[in-house]
Amino acid sequence: MKTISIGRKEIEPIEWKKYEGEDVCVNTTIRQGKRIQDIRFFEDKVKAVPRGNAYVIGNGPSREGFDLTRLNDTGQTYGCNALYRDFMPDFIFSVDTSMSMQMVEDGVGLKTVHYGPALEVNRKQSKGMISLIPNNPHWISGNAAFWTAGVHGHKNIYLLGFDFREYGKGELNNIYQGTDCYGERHSDQIFEGWLKQFRDMLKMRPYVNYTVVHDSPPDFMNYLQTGTDHGNSKIISYKQFEDTVLASS
């Protein structure tokens, strides 16, 4: 896997290679004014093999009411954070400590593959239940999920519950808002950073098709491509998704 500098203005395609593992800094110390890093190789113990489509599940309200169990027969499921309370995907992601440790306490890593950043993987409290996000781009957990689906080798990735925005005071902004590890959310902003991560992914993997499933997409979602249009993204409704993807797979 080619190392990508997320901070660069120009995003380049990534040549897909089977993920074997990577070097990770597990500790840094300062001795006599010099920084000494303890670098260790983390072998890929997941050894994921793509099967069918990749269904990446965000926790935006646009997926409310859809039966996620319908996805199991036609592909692999990728989710994030509190999704496990209602549905256990094949792979689940968390990037912040409070959520990660709650998931460890609930034994999520014993039931599915729980991915997290090196900081969480290396905590004693993680009890070996968190696997390293491969070649971590340091994105939010939902976006790390579709990143990893690409690392696993999926060529058709469907995004459900990805809204890239909040809906305002008194409106549902997240399926789990107001529950443990989630605060109240009353903003009505578009998450430009989250959206940019998705747009960058379109350029990094032009050979992968990304489809957003959404019944009433806000206008900005019709302009997902920026710069060179690779033609590898589109938006479809849940009915179209059921009729053309789930029914035909």
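The structure this text deals with has already been given above.
Scope of this entry: the structure provided in the associated data block. Quick caveat, the model's predicted, so the values are computed rather than measured. (Residues numbered from 1 in each chain as written. Predicted model: local features only at pLDDT ≥ 70, side-chain atom pairs only at ≥ 80, totals over all residues. Heavy atoms only, no water.)

In terms of helices and strands, the chain carries five helices and ten strands. Relative to the globule expectation of 18 Å for 249 residues, the C-alpha radius of gyration of the chain, 18 Å, shows essentially globular dimensions. When its C-alpha atoms are laid out on the principal axes, the chain stretches across 60 × 40 × 35 Å. Going through the 249 residues of the chain one by one, you find that 49% of them count as buried. For the chain, the computed accessible surface area is about 12700 Å², with 46% contributed by carbon and sulfur atoms. For the chain, the centre of its 29 positive side-chain charges and the centre of its 31 negative side-chain charges are spaced 7 Å apart. (Helix = DSSP H or I, 4+ residues; strand = E, 2+ residues; numbered from the N terminus. Rg over C-alpha atoms; globule rule 2.2 N^0.38 Å. Buried < 20%, exposed > 50% of the residue type's maximum accessible area, 1.4 Å probe, protein only. Areas by Shrake-Rupley, 256 points an atom, 1.4 Å probe, with all protein chains shown as cover. Lys, Arg positive; Asp, Glu negative; His and termini not counted. Charge placed at Lys NZ, Arg CZ, Asp CG, Glu CD.)

Per the stated rule, a full pass over the model turns up 18 aromatic pairs. A ring pair is formed by Phe66 and Tyr238, whose centres lie 5.3 Å apart and whose planes are at 45°; its orientation type is tilted. Residue Phe66 is found in the loop between strand 3 (53-57) and strand 4 (75-80), and its partner Tyr238 is found in helix 5 (residues 238-246); the two are separated by 172 residues along the sequence. The pair formed by Phe66 and Tyr238 is uniform in burial state, with each residue classed as buried. An aromatic cluster of three or more residues is present, and its members are Trp139, Phe146, Trp147, Phe162, Phe164, Phe198 and Tyr210. Above the face of the Tyr167 ring, Arg165 is positioned so that its terminal group lies 4.8 Å from the ring centre. Above the plane of the ring of Trp147 lies Arg205, whose end atom (NZ or CZ) is 5.4 Å from the centre. (Phe/Tyr/Trp six-rings, centres within 6.5 Å; stacked < 30°, edge-to-face > 60°. Lys NZ or Arg CZ within 6 Å of the ring centre and 35° of its normal.)

With that settled, consider the nonpolar core. One finds Val56, Tyr78, Phe93, Phe146, Ile157, Phe198 and Tyr210 to be the most contacted residues of the largest nonpolar core, which totals 40 residues. Going through the elements one at a time, strand 3, strand 4, strand 5 (91-93), helix 1 (97-105), helix 3 (141-151), strand 8 (156-160), helix 4 (192-204) and strand 9 (209-213) are the ones with two or more residues in this core. For this core, the leading source of residues is helix 3, giving six residues. For Val56, the residues in contact, after removing those within four places along its chain, are Tyr78, Gly142, Ala145, Phe146, Ala149, Ile157, Tyr158, Leu159, Leu160 and Phe162. The next biggest cluster of nonpolar side chains, apart from the first, holds 23 residues, and it includes Met99, Leu160, Tyr176 and Tyr238. (Core = buried A, V, L, I, M, F, W, Y, C linked by side-chain atoms within 4.5 Å. Contact = heavy atoms within 4.5 Å.)

Of note, Asn135 is a non-glycine position whose phi angle comes to about 45°, a positive value. Tracing the backbone shows Asn135 in the loop between strand 7 (131-132) and helix 3. Positive phi, normally seen in glycine, also occurs at Cys181, with a value near 75°. Looking at where Cys181 falls in the secondary structure, it is placed in the loop between strand 8 and helix 4.

Below, the discussion takes up the layout of surface pockets. Rolling a probe over the atoms, with the probe sized like a water molecule, indicates the empty space that remains. When its volume is computed, the largest pocket comes out at roughly 410 Å³. As for the largest pocket, its lining consists of 24 residues, of which Asn81, Ile140, Asn174, Arg185 and Trp194 are closest to the centre. Here the lining of the largest pocket gets three residues from one element, more than from any other, and that element is helix 3. Among the residues forming the lining of the largest pocket, the class breakdown is ten nonpolar, ten polar and four charged. In this structure, the second largest pocket occupies an estimated 280 Å³ of space. Taken together, 13 residues line the second largest pocket, and the ones lying closest to its centre are Phe42, Glu43, Lys45, Ser131 and Leu132. (1 Å grid on protein atoms, 1.4 Å probe; cavity = no way out; pocket = protein on both sides within 12 Å on 5 of 7 lines; lining within 4 Å. Points joined across faces, edges and corners; volume = space filled by probe spheres on them. Nonpolar A, V, L, I, M, F, W, Y, C, P; charged D, E, K, R; others polar.)

In short, geometric facts, not functional conclusions.
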